[in-house]
Amino acid sequence: MATLGNRAHTNAILEKYGFRFQKKYGQNFLIDEMILEDIIDAACITKEDVVVEIGPGIGTMTQYLCEQAGHVLAVEIDSNLIPILQETLAEYDNVEVINEDVLKVDLSEYAAAHGNRPLKVVANLPYYITTPIIMGLLESNLPLASITVMVQKEVADRMQEGPGTKDYGALSLAVQYYSKPEIVAIVPKSSFIPQPKVDSAVIRLDIYDAPPVDCENPKLMFQLIRAAFNQRRKTLMNGLNNAGILPMNKEALAKILVDMGLSESVRGEQLSLTQYAQLSNAIVAHGKSQS
Ligand code: SAM
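Treat the numbers as computed from the prediction; the structure is a model and nothing was measured.

1. A closer look at the overall build of the protein chain
In step 1: Helix and strand counts for the protein chain come out as twelve helices and nine strands.
In step 2: The principal-axis extent of the C-alpha atoms belonging to the protein chain is close to 70 × 40 × 30 Å.
In step 3: A total of 291 residues make up the protein chain; the buried ones form 50% of that total.
In step 4: With an accessible surface of roughly 13700 Å², the protein chain has 48% of that area assigned to carbon and sulfur atoms.
In step 5: Between the mean site of the 25 positive side-chain charges and the mean site of the 35 negative ones, the protein chain shows a separation of 10 Å.

Shown next as structure tokens:
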């Protein structure tokens, strides 16, 4: 039975093992049964599902996942937590715990071992590596169905934002190219021990079968996006020109922007995902017309 969402049970386990929180691993453990249930509900886990949990901690959410899912892989970097997980997950035979850095694990082997069924990723993420973890998953060729994660509220906002807002950026565009994001809960600091400095949010990313925009060269599109937001204060034209990634001069780029109905002084943060795809396609077409 899942028992660790309760503060007293969590404290008892931590004391029993003399566990010391390691700040460098972003350890903020959940002690809120309602939030745990919200996360599991939002992830829509069934017995058919193969789930990957990143950073199980002492196994609080893992217990819930084991009860709902077909199979769970839990990837934990901190070796001090492994003996604790052996105790807290002892009653479940559908879980595999590995003591690894998730950024170095090849999850495709795990997916293959489960017939390449679409994986559901569920996690209360360590905040110091939220973006690399999410980008790594999105850009992998893993069969993914969804990613349901607790992140800093501000980061969840960034993933959902559109053009012209202060939180809109390269992360928003990448997330929205690969998935449909939806914030499903706002979580106060008091739901964790130790308490983090900021509020958190649970966001679910439903992975698209095919991207929502027609882009011939996504690699180029993301180079343009990175260049545009690296120099946020500059015009898009200067940002792209300074980055040295364009196979054309400024005049040719200006013509493309005007043909797209944009001003030459437009800023990168004003373009939608569809417009970045159009811009990238127009640059590819220009290259073809020159060769
Ligand atoms: N899931 C637990 C919970 O909700 O109570 C713990 C969440 S805590 C925010 C983040 C967890 O990720 C910690 O257990 C931490 O040790 C683990 N972690 C940090 N960096 C990691 C990495 N690179 N790979 C795997 N796990 C990591």
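2. A closer look at a negative patch on the surface
In step 1: On the surface, a cluster of negative charge is made up of E33, E37, D38 and D41.
In step 2: Note that D38 resides in helix α2 (residues 33–43).
In step 3: Of the residues examined, D38 reaches a relative accessible area of 38% and is grouped as partly exposed.

3. Examining the site of the ligand
In step 1: Residues in contact with the ligand amount to 23 residues; listed here are only the nearest, L30, G55, E76, N124 and Y128.
In step 2: Here L30 contributes a backbone N or O atom positioned 2.9 Å from an oxygen atom of the ligand.
In step 3: Within the side chain of N124, one N or O atom sits 2.9 Å away from an oxygen atom of the ligand.
In step 4: About the coverage of the ligand: the protein hides 99% of its 590 Å² of free accessible area.
In step 5: Where the shell around the ligand is concerned, the elements lending two or more residues are β1 (29–30) and β3 (71–76).
In step 6: Of the residues belonging to the shell around the ligand, the class tally is twelve nonpolar, six polar and five charged.

4. Section: the packing of aromatic side chains
In step 1: This model, assessed by the stated rule, comprises eight aromatic pairs.
In step 2: When the centroid spacing of 5.0 Å and the interplanar angle of 85° are considered together, the rings of Y177 and Y178 count as edge-to-face.
In step 3: Residue Y177 is classed as buried on the basis of its relative accessible area, which comes to 5%.
In step 4: Ring plane angle 80° and centroid distance 5.4 Å describe the contact between Y177 and F222, whose orientation is recorded as edge-to-face. One end of the pair, Y177, is in helix α8 (residues 170–178); the other, F222, is in helix α9 (residues 218–230), and 45 residues separate them in sequence.
In step 5: Through pairs of rings, three or more aromatic residues link up here, namely F19, F21 and F29.

Cut-offs used in this document
- Residues numbered from 1 in each chain as written.
- Predicted model: local features only at pLDDT ≥ 70, side-chain atom pairs only at ≥ 80, totals over all residues.
- Heavy atoms only, no water.
- Helix = DSSP H or I, 4+ residues; strand = E, 2+ residues; numbered from the N terminus.
- Buried < 20%, exposed > 50% of the residue type's maximum accessible area, 1.4 Å probe, protein only.
- Areas by Shrake-Rupley, 256 points an atom, 1.4 Å probe, with all protein chains shown as cover.
- Lys, Arg positive; Asp, Glu negative; His and termini not counted.
- Charge placed at Lys NZ, Arg CZ, Asp CG, Glu CD.
- Patch = residues over 30% accessible without salt bridge, like charges linked within 9 Å, V, L, I, M, F, W, Y side chains within 5 Å.
- Salt bridge = Lys/Arg side-chain N within 4 Å of Asp/Glu carboxyl O.
- Near = heavy atom within 4 Å.
- Polar contact = N/O pair within 3.5 Å; in protein donor to acceptor, adjacent residues only side chain to side chain.
- Nonpolar A, V, L, I, M, F, W, Y, C, P; charged D, E, K, R; others polar.
- Phe/Tyr/Trp six-rings, centres within 6.5 Å; stacked < 30°, edge-to-face > 60°.

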